[in-house]
Amino acid sequence: GENVEQHPSTLSVQEGDSAVIKCTYSDSASNYFPWYKQELGKGPQLIIDIRSNVGEKKDQRIAVTLNKTAKHFSLHITETQPEDSAVYFCAAHEINDMRFGAGTRLTVKP
Amino acid sequence: NAGVTQTPKFRILKIGQSMTLQCTQDMNHNYMYWYRQDPGMGLKLIYYSVGAGITDKGEVPNGYNVSRSTTEDFPLRLELAAPSQTSVYFCASSYGDSAAPSGGYTFGSGTRLTVV
């Protein structure tokens, strides 16, 4: 089955700086790559996603890039704010199977 | 619009007891899932359902059972609870086919289960 690795496990940045979280996947059949944000005591919430026929997608301060050849994808958050502090999960989806990375705890210091 | 609702939010079970975690969604999603989340381990799929009357095992199904009698409800049953089942359980739903969900997954707020 699919294996998703996520790095780093923790990330601390100053407010206004950029944050980058990277994931790799093992199965070339994976075709959909979402990113979820989980705040304390809540369920994960979808923040952005990308499909395998697209190389980059942007939504305001958040962007995701996908390199299918290298089997890796990344989340970029620009102009970070304290409310961006949360745990972020990447995931890779193939037929009826979504596999999640272990998560990155992002802390944005004011 | 409630989305995905899970009950209870917290529960403590003794070893060997049984319980059912409830999950209901009001978005008419065809797919529903149960995940467990252990510290530092991400989310592991327990069971999923592609529609009413159809369920299938995920990555970690042992010790659990599910049923899907309606589109809205997808309860998770724990039989003979064990300490290894101490975890946070999330139910999720999505709309789409097997190739890729449309709009991603919608998660509930979770059930924190402790087995002592």
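Let me begin by describing the structure that accompanies this report. Residue numbers run consecutively from 1 along every chain, following the written order of its sequence. Just so you know, chain letters begin at A and ligand numbers begin at 1, following the order they were written in. It should be noted that, the model being predicted, local features are given only for residues of pLDDT at least 70 and side-chain atom pairs only at 80 or more, the latter also being counted only at that level, while totals for whole chains, interfaces and linings use all residues. To obtain the side-chain values, all non-hydrogen atoms of the structure were included, while hydrogens and water were left out.

**Considerations on the state of the cysteines**
At step 1: Disulfide: a pair of cysteine sulfur atoms within 2.5 Å of each other. Applying the stated criterion across every chain, the model contains two disulfides over all chains.
At step 2: Between the sulfur atoms of Cys23 of chain A and its disulfide partner Cys90 of chain A the distance amounts to 1.9 Å. Looking along the S-S bond of the Cys23 of chain A-Cys90 of chain A disulfide, the torsion reads about -100°, which is the left-handed sense. One end of the pair, Cys23 of chain A, is in strand 3 (residues 19-25); the other, Cys90 of chain A, is in strand 9 (residues 86-94), and 67 residues separate them in sequence. By the burial criterion, Cys23 of chain A is buried, and Cys90 of chain A matches it.
At step 3: Across the disulfide from Cys23 of chain B sits Cys91 of chain B; the S-S distance is 1.9 Å. Here the S-S torsion is close to -70°, and the disulfide linking Cys23 of chain B with Cys91 of chain B is therefore left-handed. One end of the pair, Cys23 of chain B, is in strand 3 (residues 19-25); the other, Cys91 of chain B, is in strand 9 (residues 87-96), with 68 residues separating them in the sequence. Like Cys23 of chain B, the residue Cys91 of chain B is buried in the burial classification. Working definition: helices are DSSP H or I runs of at least four residues, strands are E runs of at least two. Numbering for both runs from the N terminus. Relative accessibility decides the category of a residue: with a 1.4 Å probe and only protein chains considered, values under 20% of the type maximum give buried, values over 50% give exposed, and everything between is partly exposed.

**A short note on the interface of chain B and chain A**
At step 1: By definition in these notes, contact holds between two residues if any of their heavy atoms fall within 4.5 Å. Contacts between chain B and chain A engage 23 residues on the former and 22 residues on the latter.
At step 2: Interface area, chain B with chain A, both sides summed: about 1700 Å², of which 54% is carbon and sulfur.
At step 3: By definition here, a salt bridge exists when the distance from a side-chain nitrogen of Lys or Arg to a carboxyl oxygen of Asp or Glu is within 4 Å. Between Arg99 of chain A and Glu59 of chain B there is a salt bridge whose closest N-O contact spans 3.5 Å.
At step 4: Elements with a contribution of two residues or more to the side of chain B that touches chain A: strand 4 (31-37), strand 5 (43-51) and strand 10 (101-107) of chain B.
At step 5: Classification convention: Asp, Glu, Lys, Arg as charged; Ala, Val, Leu, Ile, Met, Phe, Trp, Tyr, Cys, Pro as nonpolar; all other residues, Gly among them, as polar. Residues belonging to the side of chain B that touches chain A are distributed by class as follows: 13 nonpolar, nine polar and one charged. The buried area of a pairing is the accessible area, by a 1.4 Å probe, that goes missing from both parts when the two are put together, added over both.

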